[in-house]
Amino acid sequence: MGAFHDLRLAIGARAKRQRLLLRAYRSRHDLAAVRDRTAAIRPDTLLLFATMRNESARLPYFLRHYREMGIGHFLIVDNDGTDGTAAMLAAEPDVSLWRSGASYRASRFGMDWINHLLRRYGSGHWCLTVDADELLTIPHRDTRDLHDLTGWLDARGVPMMAALMLDLYPRGALSGAVCPPGTDPATVLNWFDADNYTWEFQPRFRNISIRGGVRRRVFFADTPENAPHLHKVPLIRWNRRYVYVSSTHVALPRRLNAGFDARLSLPTGVLLHDKFLDQIIAKSRDEKLRGEHFTHAARYDGYYDALIADPVLWNADSQQLTDWRGLETLGLMSRGAWL
């Protein structure tokens, strides 16, 4: 009965993958090329894909961080921004830029656009898919980069790396978390919740669901089932038959979701989530009105209201951010067999 049930899940996952690939192909009409520099991509180029809107303050450090990690080309969709993000990106020689005025929500929160770009440009490449407020850190970050990591994974036939999204926050109120452009957000947001995470295997996509952290503690204590998922598969050696299902939380085929399986002794990373800078207050007012960020937008009105109220997220159990070794000691990332 167990094997038959898993076969049904596998057939369902395959059908879903085909539907999402078709959606991605159709979404190409939503995208207008602003600067297409993809001819510069070489077979060994590491690629980064992202959808952004009004992220000009984050961009200087975001680009610097990922260039230092080994990213050779950025493929970015600007979703109808108004703050100069598109102009900044268009001026960067290693960025290819598309613009879309279509609905972020109707595009499955940008994933239809990203799946299309991944299929067209990412096949055969190691591709990192992140949000503008996510900064990946990996084991051995002080001595090795993504070229080292993906070389190790290639040698073992492993096509992905999983990562935990870790919400960072300041010691005081959010309005005081001011980060000048070009500055590492971790110098301002240097606290996090260390030990309130739940891990649950989900057979449908064979992924491990992780919830917890400061958002569940502060904003979803009464409805923990609505707390954001924190598991992601941001780094994949892409194949044109692959597809992301829900943000980068789940990918198909299902074998891509095995990165957190401790039996495989694989390295895992951490996406340092710098959402809680001072700008989150104004952005929360905007996003509450736009209703573009959640499937059931009204369910999250209280979340936005709490952010607009300029809360203090720190408490006596908060852990101060150090380096990748500290995150590994706390069990939030692992070097696995990459020694």
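Criteria and thresholds
- Residues numbered from 1 in each chain as written.
- Predicted model: local features only at pLDDT ≥ 70, side-chain atom pairs only at ≥ 80, totals over all residues.
- Heavy atoms only, no water.
- 1 Å grid on protein atoms, 1.4 Å probe; cavity = no way out; pocket = protein on both sides within 12 Å on 5 of 7 lines; lining within 4 Å.
- Points joined across faces, edges and corners; volume = space filled by probe spheres on them.
- Helix = DSSP H or I, 4+ residues; strand = E, 2+ residues; numbered from the N terminus.
- Phe/Tyr/Trp six-rings, centres within 6.5 Å; stacked < 30°, edge-to-face > 60°.
- Buried < 20%, exposed > 50% of the residue type's maximum accessible area, 1.4 Å probe, protein only.
- Lys NZ or Arg CZ within 6 Å of the ring centre and 35° of its normal.
- Nonpolar A, V, L, I, M, F, W, Y, C, P; charged D, E, K, R; others polar.
- Contact = heavy atoms within 4.5 Å.
- Polar contact = N/O pair within 3.5 Å; in protein donor to acceptor, adjacent residues only side chain to side chain.
- Pairing = 2+ DSSP bridges.
- Salt bridge = Lys/Arg side-chain N within 4 Å of Asp/Glu carboxyl O.
- Core = buried A, V, L, I, M, F, W, Y, C linked by side-chain atoms within 4.5 Å.
- Axes fitted to C-alpha atoms, helices over the stretch in contact; angles between N-to-C directions.
- Parallel < 35°, antiparallel > 145°, perpendicular 65-115°, else oblique.

1. Quick notes on the layout of surface pockets
Part 1 of the argument: Roughly 320 Å³ of internal volume is contained in the second largest pocket.
Part 2 of the argument: Taken together, 17 residues line the second largest pocket, and the ones lying closest to its centre are Thr137, Arg141, Asp184, Leu272 and Thr322.
Part 3 of the argument: For the lining of the second largest pocket, the elements supplying multiple residues, two or more each, are helix H2 (59-69), strand S6 (134-137) and helix H9 (324-329).

2. Let's talk about the packing of aromatic side chains
Part 1 of the argument: Under the defined criterion, the tally for this structure stands at 11 aromatic pairs.
Part 2 of the argument: Taking the centre distance of 5.5 Å and the plane angle of 35° together, the rings of Phe220 and Tyr303 count as tilted. One end of the pair, Phe220, is in the loop between helix H6 (213-218) and strand S11 (231-237); the other, Tyr303, is in helix H8 (residues 301-308), with 83 residues separating them in the sequence.
Part 3 of the argument: Since its relative accessible area comes to 5%, Phe220 is described here as buried.
Part 4 of the argument: Through pairs of rings, three or more aromatic residues link up here, namely Phe219, Phe220, Phe276, Tyr303 and Tyr304.
Part 5 of the argument: Between Arg28 and the ring centre of Tyr25, over which it is positioned, the NZ or CZ distance is 3.8 Å.
Part 6 of the argument: Seen from the ring of Trp314, Arg171 lies directly overhead, with NZ or CZ sitting 3.7 Å from the centre.

3. Quick look at empty space enclosed by the protein
Part 1 of the argument: Enumeration over the complete set of coordinates arrives at 3 cavities of 30 Å³ or more.
Part 2 of the argument: For the largest cavity, the lining is made up of 15 residues, of which Ala57, Arg58, Tyr61, Thr183 and Pro185 are closest to its centre.
Part 3 of the argument: When the residues that make up the lining of the largest cavity are grouped by side-chain class, the tally is 10 nonpolar, 3 polar and 2 charged.
Part 4 of the argument: The space that makes up the second largest cavity amounts to roughly 40 Å³.
Part 5 of the argument: If you go around the second largest cavity, the residues you meet are Ala162, Asn207, Ile208, His231, Lys232, Val233, His249, Asn257, Ala258, Gly259 and Phe260.
Part 6 of the argument: Among the elements of the structure, strand S10 (207-211) and S11 are those that each provide at least two residues to the lining of the second largest cavity.
Part 7 of the argument: With 3 residues, S11 is the single largest residue contributor to the lining of the second largest cavity.

4. Topic: the environment of Asp44
Part 1 of the argument: Examined against the element boundaries, Asp44 turns out to sit in the loop between strand S1 (32-35) and strand S2 (46-52).
Part 2 of the argument: Placed 226 residues apart in sequence, Asp44 and Val270 show a C-alpha to C-alpha distance of 24 Å.

5. Things to note about the environment of Tyr169
Part 1 of the argument: Mapped onto the fold, Tyr169 is located in the loop between strand S7 (160-167) and strand S8 (191-192).
Part 2 of the argument: Considered as a pair, Tyr169 and Val188 are 19 residues apart in the sequence and their alpha carbons are 7.9 Å apart.
Part 3 of the argument: Non-local contacts of Tyr169, meaning those with residues more than four positions away in its chain, are made with Leu189, Asn190, Trp191, Phe192, Asp193, Val214, Arg217, Leu313, Trp314 and Ser318.
Part 4 of the argument: Polar side-chain contacts of Tyr169 include one of 2.5 Å to the side chain of Asp193.

6. Some details on the pairing of strand S5 (residues 126-129)
Part 1 of the argument: On S5, burial covers both faces: Trp126 and Leu128 on one face and Cys127 and Thr129 on the other are all buried.
Part 2 of the argument: Two elements, S2 and S5, share 3 bridges in a ladder whose sense is parallel. Opposite Leu47, over in S5, you have Cys127 as the bridge partner.
Part 3 of the argument: Strand direction decides the pairing type here: S5 and S11, joined by 3 bridges, are antiparallel. From the neighbouring strand, Trp126 faces S11, where its bridge partner is Arg237.

7. Thoughts on H2
Part 1 of the argument: Those residues of H2 not exposed but buried are Leu59, Tyr61, Phe62, Leu63, His65, Tyr66 and Met69.
Part 2 of the argument: One or two residues past the end of H2 sits Gly70, with phi positive at roughly 115°.

8. Structural notes on the pattern of salt bridges
Part 1 of the argument: Under the definition given, this model contains 22 salt bridges.
Part 2 of the argument: In this structure, Arg263 engages Asp261 in a salt bridge whose closest nitrogen and oxygen atoms are separated by 2.8 Å.
Part 3 of the argument: With relative accessibility at 73%, the residue Arg263 sits in the exposed group.
Part 4 of the argument: Note that Asp323 and Arg325 form a salt bridge whose closest N and O atoms lie 3.8 Å from each other.
Part 5 of the argument: Note on Asp323: relative accessible area 36%, which makes it partly exposed.
Part 6 of the argument: With a relative accessible area of 40%, Arg325 lands in the partly exposed category.
Part 7 of the argument: Put simply, Glu55, Arg58, Asp274 and Lys283 are held in one network by salt bridges that share partners.

9. Brief notes about the nonpolar core
Part 1 of the argument: Ranked by internal contacts, the top residues of the largest apolar core, which has 84 residues, are Phe62, Tyr66, Leu136 and Leu146.
Part 2 of the argument: At 7 residues, S7 tops the list of elements feeding residues into this core.
Part 3 of the argument: In this structure Leu136 touches His65, Tyr66, Met69, Leu128, Leu146, Met161, Ala163, Val270 and Leu271, once residues within four positions along its chain are discounted.
Part 4 of the argument: Residues Val214, Phe219, Phe220 and Leu313 belong to the second largest nonpolar core, which totals 14 residues.

10. Some thoughts on the packing of helix H1 (residues 2-26) against helix H4 (residues 111-122)
Relative placement of two packed helices is described by the angle separating their axes and the distance separating the axes.
Part 1 of the argument: Axis separation between H1 and H4 bottoms out at 8 Å; the angle between their running directions is 90°. One finds that H1 runs roughly perpendicular with respect to H4. Packed against H1, whose contacting residues are Leu21, Arg23, Ala24 and Tyr25, the element H4 presents Asp112, Asn115, His116 and Arg119 at the interface.

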